[in-house]
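An overview of the molecular structure
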Amino acid sequence: MQKQATRSEVPEHKKWDLQHIYPTQDVWERDYKHLSEMIEQLTSYNDNINSAAELYDFLQLDEEANDIFERLYVYSNLKFDEDTSLTHPQELVSRMEQLQVSLSAATAFFVPFLLSWNEEKLEQYIKEDSRLEYFKKDLKEVYKYKPHTLSKEKEELLAELGEVFSSPNNTFKLLDNADLDFGTIKDEDGTEVELTHGLYSKLMESQNRTVRQEAFHAYHGAYEKMKNTLSSTLGASIKNNVTISRLRHYPSVVEQSLFYNEVPLTVYENLITATRNNAHHLNRYFKARKEALGLEELHAYDTSVPLVKEDSFDLSFDEAYELMLKGLSPLGNEYLDILKQAKEERWIDVYETKNKCSGAYNWGPYSTYEGKVAHPFVLLNHQKNLDSIFTLVHEMGHALHSYYSHKHQPRNQASYSIFVAEVASTVNEVLLMKYLLNTTQDKDVKRYLLNHYIDQFRGTLFTQVMFAEFEKITHEMAQKGEPLTVESFSQVYEQLYRDYNGDTLVLDKEIKYGWGRIPHFYTPFYVYQYATGFSAANAIVKAILEEGEPAVKRYLEFLKTGGSDYPIELLKITGVDLSTPQPVEDALSLFKELVDEFEELMLKDKK
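Overview of the structure.

The subject of this paragraph is the layout of surface pockets. The computed volume of the second largest pocket comes to approximately 980 Å³. Forming the boundary of the second largest pocket are 32 residues, of which Leu 199, Lys 202, Gln 383, Lys 384 and Asn 385 lie nearest the centre. Put simply, the parts of the chain that give the lining of the second largest pocket at least two residues each are strand S2 (192–194) and helix H10 (197–203). Of the residues forming the lining of the second largest pocket, the biggest block, 3 residues, is contributed by H10. By residue class, the composition of the lining of the second largest pocket is 10 nonpolar, 8 polar and 14 charged.

As structure tokens, this is what we get:
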């Protein structure tokens, strides 16, 4: 039986180098001790800030403490994700979660304390000490939260309960990455293989329908077996969100989530409405796919298999990297040079190994232990398929966004919003797709790519909006006191799946338990931003390819802005205004055109 590789079997140059953050565990421990001492110092400021200088000293200490905390926390979690079964990284993560509670508790007094002043007093302090200008934007922002800020005692209590509120997410992560057993199946060659997150996506592209079917049932069946535990963790997470939202006097959890970025609720609602109104085009696509495959019934495990057998993208990681550089060439030499630097300096952890965290992400602290600006780190689970190529391109979009924002923004403005994060990753994906479609002359390869582009729309826009509506409905249920159970989750999820995908897909019994395997549900109202980001990215790429250098310049300027303004305002730098429905409607119009072309290409030979 073919088994997963262990981490020790992977060449060093294909693993990230976390020594860029901490060269040794001793240095980590030194920072940990220093942060513990700083937390004690921060506690001494509780209700004890009586001058401009003392305000500056507190804010400076708080920023330095958070800088060290981020570095310790990110390093610990990256080590944990290398092998989630190892005890030592688990201990590091646990220690950091405890320290996070202490840090939050030590500073929980500040916002209520600041809000006890009138703004004139704050303005006077800023005039008295010019060093406070650095913190002015953040300080003024606090007053926006005045209606949602609790008393000092309640804020401190909430801070102390931070570890409790994060428990459902931690439980799901351990279950999903370390404890869940998907069993073994036989691959196309008849070889018994251990089913994993990474291998599953590859098997869903198998030309052997029996392999796809068995992999589907084994993978989804593992979640079905854990449905009671998963409904408990997800239900607890949703209830926690609702509790915090009520305590802070927000009308709903979704409005609390949108408040931070000043995203109007209409953006969320219009996204759902527009996508639902265009869902029939997705059903058209499934009908064409069903006919192209010559199937009597189309199941979920038939939706990822390439309609054209194509081996052009069975690429190694190094080959995929070279293809990425070619595809992203419209962004210019500066951008490409940073991508080359990332590979050479080992920012990337490439291959799937036993007990490694599934999926892919970009993450990194603002600074290293030496105080230098840090580069980001990228986790992959690379397979030899087109999806992995696009995953690489996607995550490197995030990585360069982080690199640019950290390099060009001070620490307190370097962290960009999730709302704009998905723009940078998707711009890369769309550029690569356009490059591939424009450079191939092979009719079958073009069909293959067109199908993949439609699937990008399906996964990034339609599926994510379906998830977003699931979150909205289930949080509303919790707010009304309705039960969150296996049955209620499954009923909502199955109905939404039918609404968005249409009646062409035959729903296997495991489909209704799909809510149990979505990690983003533990970060409330996150997923809709994939859809808005995808819409914005398509508009940006259109401008880059039509205008050239002026559009590239605007786009790179956007990447450098970090969190210096609200995301909708930052996107206007690129020429995209997401406060209007136009970008989403344009993206959905493009999807319709792609389906039209798909029907013509795939079905004309059948006539």
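This paragraph deals with empty space enclosed by the protein. Empty space left among the atoms is revealed by rolling a probe the size of a water molecule over them. One pass over the structure, following the stated rule, counts 1 cavity of 30 Å³ or more. Taken as a whole, the largest cavity spans an internal volume of roughly 100 Å³. What lines the largest cavity is simply Thr 266, Val 267, Asn 270, Leu 271, Ala 274, Thr 532, Leu 578, Ser 579, Thr 580, Pro 581 and Val 584. Taken together, the residues that form the lining of the largest cavity break down as 6 nonpolar, 5 polar and no charged.

Right, let's talk about the packing of helix H14 (residues 265–277) against helix H21 (residues 443–479) for a bit. Each pair of packed helices can be described by the angle between their axes along with the distance between the axes. Running from amino to carboxyl end, H14 crosses H21 at an angle of 125°, the nearest separation of the two axes being 10 Å. In terms of orientation, H14 lies oblique with respect to H21. For H14 against H21, the interelement crossing comes out left-handed. Packed against H14, whose contacting residues are Tyr 268, Leu 271, Ile 272, Thr 275 and Arg 276, the element H21 presents Leu 461, Phe 462, Val 465, Ala 468, Glu 469, Glu 471 and Lys 472 at the interface. Here the contact of H14 with H21 is composed, by residue class, of 7 nonpolar, 1 polar and 4 charged.

Another point: the sheet that holds strand S6 (residues 377–382). Strand-to-strand pairing in sheets goes through backbone hydrogen bonds, with the strands running parallel or antiparallel. Here we have 3 strands laid out as an open sheet, ordered S4-S6-S5, and mixed in their pairing. Whereas interior strands pair on both sides, the edge strands pair on one side only; in this sheet they are strand S4 (348–351) and strand S5 (361–363). Taking the axes of each pair of neighbouring strands and ignoring which way they run, one obtains an average angle of 10° across the sheet. Note that S4 and S6 share 3 bridges and pair parallel. Of the residues in S6, the one forming a bridge with Asp 349 is Leu 379. The sheet contacts of helix H18 (residues 386–408) involve S4, S5 and S6, and relative to S6 the element is tilted by about 175°.

Structurally, Thr 353 can be placed in the loop between S4 and S5. The buried category is assigned to Thr 353, whose relative accessible area is 2%. In the structure, Thr 353 is positioned 347 residues away from Thr 6 in sequence and 5.2 Å away in space, judged by C-alpha atoms. Not counting residues within four places of it along the chain, the set of residues in contact with Thr 353 comprises Gln 4, Ala 5, Thr 6, Arg 7, Val 10, Glu 82 and Asn 381.

Here the focus is the side chain of His 148. Relative to the helices and strands, His 148 is located in the loop between helix H6 (136–142) and helix H7 (152–160). Here the side chain of His 148 touches His 249 through a polar contact of 3.4 Å, landing on its backbone oxygen. Residues within four places of His 148 in sequence aside, it is in contact with Arg 248, His 249, Tyr 250 and Phe 259.

Under the counting rule described, the total for this entry stands at 40 salt bridges. A salt bridge links Arg 498 to Glu 494; its shortest N-O distance comes to 3.6 Å. You can see Arg 498 and its partner Glu 494 sitting in helix H22 (residues 486–501), 4 residues apart, about one turn around the helix. What makes Arg 498 partly exposed here is its relative accessible area of 42%. For Glu 494, a relative accessible area of 26% gives the class partly exposed. A salt bridge links Lys 542 to Glu 546, with the nearest nitrogen and oxygen atoms 3.2 Å apart. Highlighted residues: Lys 542 and Glu 546, both in helix H23 (residues 528–547), separated by 4 residues, approximately one helical turn. Accessibility expressed as a relative area gives 59% for Glu 546, which makes it exposed. Overlapping salt bridges, with partners in common, bring together Arg 7, Lys 79, Glu 82, Asp 349 and Lys 356 in one network.

All right, on to unusual backbone geometry then. For His 249, which is not glycine, the phi dihedral falls at a positive 65°. On the secondary structure map, His 249 appears in the loop between helix H12 (227–247) and helix H13 (253–259). Despite not being glycine, Asn 355 has its phi angle at roughly 70°, a positive value. Among the secondary structure elements, Asn 355 is positioned in the loop between S4 and S5.

Rules used throughout
- Residues numbered from 1 in each chain as written.
- Predicted model: local features only at pLDDT ≥ 70, side-chain atom pairs only at ≥ 80, totals over all residues.
- Heavy atoms only, no water.
- 1 Å grid on protein atoms, 1.4 Å probe; cavity = no way out; pocket = protein on both sides within 12 Å on 5 of 7 lines; lining within 4 Å.
- Points joined across faces, edges and corners; volume = space filled by probe spheres on them.
- Helix = DSSP H or I, 4+ residues; strand = E, 2+ residues; numbered from the N terminus.
- Nonpolar A, V, L, I, M, F, W, Y, C, P; charged D, E, K, R; others polar.
- Axes fitted to C-alpha atoms, helices over the stretch in contact; angles between N-to-C directions.
- Parallel < 35°, antiparallel > 145°, perpendicular 65-115°, else oblique.
- Left-handed = near helix turned anticlockwise from the far one by under 90°.
- Contact = heavy atoms within 4.5 Å.
- Pairing = 2+ DSSP bridges.
- Buried < 20%, exposed > 50% of the residue type's maximum accessible area, 1.4 Å probe, protein only.
- Polar contact = N/O pair within 3.5 Å; in protein donor to acceptor, adjacent residues only side chain to side chain.
- Salt bridge = Lys/Arg side-chain N within 4 Å of Asp/Glu carboxyl O.

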